[in-house]
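# Structural description and commentary
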Amino acid sequence: MEFLPLFHNLRGARVLVVGGGEIALRKSRLLADAGAVLRVVAPEIGTELRELIDSSGGEQILRGYDEADVNGCVLIIAATDDEPLNAQVSADARQRGVPVNVVDAPALCSVIFPAIVDRSPLVIAVSSGGDAPVLARLIRAKLESWIPPTYGHLAGLAARFRHQVKNLFPNVQQRRAFWEDVFQGPIADRQLAGQGAEAERLLQAKIDGEAPSASGEVYLVGAGPGDPDLLTFKALRLMQQADVVLYDRLVAPAILELCRRDADRIYVGKQRADHALPQDQINQQLVALAKQGKRVVRLKGGDPFIFGRGGEEIEELAANGIPFQVVPGITAASGCAAYAGIPLTHRDYAQSVRFVTGHLKNNTTDLPWKDLVSPAQTLVFYMGLIGLPIICSELVKHGRSADTPAALIQQGTTTNQRVFTGTLANLPQLVAEHEVHAPTLVIVGEVVTLRDKLAWFEGAQSGV
Ligand code: SAH
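Throughout, residues of each chain are indexed from 1 in the direction in which the sequence is written. Side-chain atom pairs in this predicted model are given and counted only at pLDDT of 80 or more, local residue features only at pLDDT of at least 70, and totals for whole chains, interfaces and linings cover all residues. Neither water nor hydrogens contribute to the side-chain values; these are computed over all heavy atoms in the structure.

Further remarks concern the site of the ligand. Residues are labelled near a given molecule or strand when at least one of their non-hydrogen atoms is within 4 Å of it. Contacts to the ligand come from 18 residues, most closely from Pro225, Ile306, Thr331, Gly412 and Thr440. The definition of a polar contact used here is a pair of N or O atoms within 3.5 Å, where within protein one atom must be able to donate a hydrogen and the other to accept one, and adjacent residues in sequence count solely through side-chain atom pairs. Take Met383: an N or O atom from its main chain is 2.9 Å from an oxygen atom of the ligand. Contacts to the ligand include Gly412, whose backbone N or O atom sits 2.8 Å from a nitrogen atom. For the ligand, whose free accessible area comes to 550 Å², the fraction covered by protein is 92%. Strands are runs of DSSP state E lasting at least two residues, helices are runs of H or I lasting at least four, and both sets are numbered from the N terminus onward. Counting residues per element, the ones that place at least two in the shell around the ligand are helix H13 (332–340) and strand S19 (440–444). Counting only domains with at least three residues in the shell around the ligand, you end up with domain 3 (217–327) and domain 4 (333–462). Every accessible area reported is derived by Shrake-Rupley at a probe size of 1.4 Å, with residue values counting cover from the shown protein chains alone. Just so you know, the domain bounds were taken from an automatic or database domain assignment.

What follows is the structure, encoded as structure tokens:
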């Protein structure tokens, strides 16, 4: 091991920074965050750095470096672009046995800055020993996405109960088992979901020896429109924790693959007029699984609250006292529009956008056609394929021009994406001609013409 990682307590300690530019600023920010008292020496010091020094109670010395500046400092940072000067600072520090870091010159350093993931009080440091800082930063980025921003709150929770737990279990092994259980179970889930009071209540109950409630939890997760890359960090994390996954027809296999390997997978997909499981049975199944203590992911295409009946599912959970979380997803309108090069709004063409269900209950009457034909409005029809001839003719009948541009986007954001553009007059014909099938999104409005300039995603490349 080239370097031993140690965490340095700098609260109230003086740290010398030689240099007044951008890099000095970056290092000074970190040092100030850790509570160090800055002494910055440079002939010129940038405005932002000056403000930082002032606000953190440090000192600025506007002149060239002097050996005596090192005195009284517990750490020295050389951040100038003057190599001989950096070498001089390093030599002075080493001679006095003070740790020194020279930016971008590992050979002159006795200490180096790691890439940091800050979930204070939990801090993760990654280092390549100065050989490949970019690699260390990439690892940091992976960790950032994997560890939720609120993870540090778990440490805070543990701190509040530490003494009680220590008194309860004098034995270290028992204590460790207790905390492992807390950090990997429903108590941690509550804390990470931003329900700190509930987490404390559960932890206190656990300490008091109350039987844990058998109840599991349901995560209603939006899986986005198809491209697995469009999942949120939170969706992925919960998918990897799940004991059971209930999924729809709309959820792409590549996304299902990302669920925990040994999770049970239950297909509850719905096809128009061919419901694999009626909605109330899905609701009941969610409740039953959670009551068995399972962590259940209910994975839905797009966003669970946009034509996803997510509201109905959690109503049932709430009525049964089952804890749940809802994770929003990228809805088909956003995903398909972006991947088809059709901005849903545009200053010149559309000042509003409207998401409409095309699943018509009684042929023509149940959509507010008059509202839908107002100009400068983009319409996005979900489930609009079957009713498309009616939708197009009603819009024209109520005053929208038959020449209004319109697009069909089939399996948007996936490698099978196909896009066909036309007008309200010929859209139904395009469906027949190209055998367009579900899931397909219909976008109506002038913005569709922008696709000619803005398309970037190739998909199946068979569209027009
Ligand atoms: N909750 C989902 C919508 C469910 S309704 C969401 O927020 O996206 C189902 C309809 O969504 C489909 O009939 C289709 O119109 C649309 N849809 C969903 N995913 C799609 C995709 N990848 N490409 C095109 N349309 C899609």
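Take the layout of surface pockets next. By volume, the largest pocket is sized at about 1800 Å³. The definitions used throughout rest on a 1 Å grid laid over the protein atoms alone, on which a cavity is an enclosed set of points accommodating a 1.4 Å probe that cannot get out and a pocket is an open set flanked by protein within 12 Å on both sides along at least five of seven lines; lining residues are those having an atom within 4 Å of a point. Around the largest pocket sit 49 residues that line it, and Leu30, Ile112, Phe113, Pro114 and Ile116 are the ones nearest its centre. Mapped by element, the contributors of at least two residues to the lining of the largest pocket are helix H1 (22–33), strand S5 (100–102), strand S6 (115–119), strand S7 (122–126) and helix H4 (133–146). The residue classification treats Ala, Val, Leu, Ile, Met, Phe, Trp, Tyr, Cys and Pro as nonpolar and Asp, Glu, Lys and Arg as charged. All others, Gly included, are polar. Residues belonging to the lining of the largest pocket are distributed by class as follows: 29 nonpolar, 9 polar and 11 charged. Grid points are joined across faces, edges and corners, and a volume is the space filled by probe spheres set on the points.

Rolling a probe over the atoms, with the probe sized like a water molecule, indicates the empty space that remains. Applying the stated criterion across every chain, the model contains 1 cavity of 30 Å³ or more. Considering only enclosed or pocket space, the largest cavity measures out at about 80 Å³ in volume. Lining the largest cavity are Asp189, Leu192, Ala193, Tyr219, Lys234, Arg237, Leu238, Gln241 and Gln325. Of all the secondary-structure elements, those providing two or more residues to the lining of the largest cavity are helix H7 (186–192) and helix H9 (233–239). When residues of the lining of the largest cavity are assigned to their parent elements, the largest contribution, 3 residues, is made by H9.

On to the sheet that holds strand S17 (residues 405–410), then. The strand order across the open sheet formed by 5 strands is S15-S16-S19-S17-S18, and the pairing between neighbours is mixed. Pairing within the sheet leaves two strands with one partner each, and these edge strands are strand S15 (352–357) and strand S18 (418–423). Neighbour-to-neighbour, the strand axes of this sheet turn through a mean angle of 20°, independent of strand direction. Note: S17 against S19, 5 bridges, orientation antiparallel. Residue pairing in the sheet places Gln410 in a bridge with Thr440 of S19. Residues count as neighbours in contact if any of their non-hydrogen atoms are within 4.5 Å of one another. The angle between two axes is taken between their N-to-C directions and runs from 0 to 180 degrees, where each axis is a line fitted to C-alpha atoms and a helix contributes only its stretch in contact. Sitting on the sheet, H13 is in contact with S15, strand S16 (377–382), S17, S18 and S19, with an inclination near 75° to S19. Two strands are said to pair when DSSP picks up at least two bridges between them.

What follows deals with the nonpolar core. By nonpolar core we mean a set of buried residues, namely Ala, Val, Leu, Ile, Met, Phe, Trp, Tyr and Cys, connected to one another through side-chain atoms within 4.5 Å. Residue burial is assigned from relative accessible area. The probe radius is 1.4 Å, only protein chains are included, and a residue is buried under 20% of its type maximum, exposed over 50%, and partly exposed in between. Leu372, Phe381, Leu395, Leu408 and Leu427 are the most contacted members of the largest nonpolar core, which totals 23 residues. Within the residue set of this core, elements represented by two or more residues are helix H14 (369–372), S16, helix H15 (388–397), S17, helix H16 (427–433) and S19. Among the elements that make up this core, the one with the highest residue count is H15 (4 residues).

Another aspect to go through is the side chain of Thr404. Here Thr404 is to be found in the loop between H15 and S17. At a separation of 2.6 Å, a polar atom in the side chain of Thr404 contacts the main-chain carbonyl oxygen of Ser401. Excluding residues within four positions of it along the chain, Thr404 makes contact with Gly422, Thr423, Leu424, Val444, Gly445 and Glu446.

Turning next to the environment of Leu236. Relative to the elements of secondary structure, Leu236 occurs in helix H9. Residues in contact with Leu236, not counting those within four places in the same chain, are Leu231 and Leu258.

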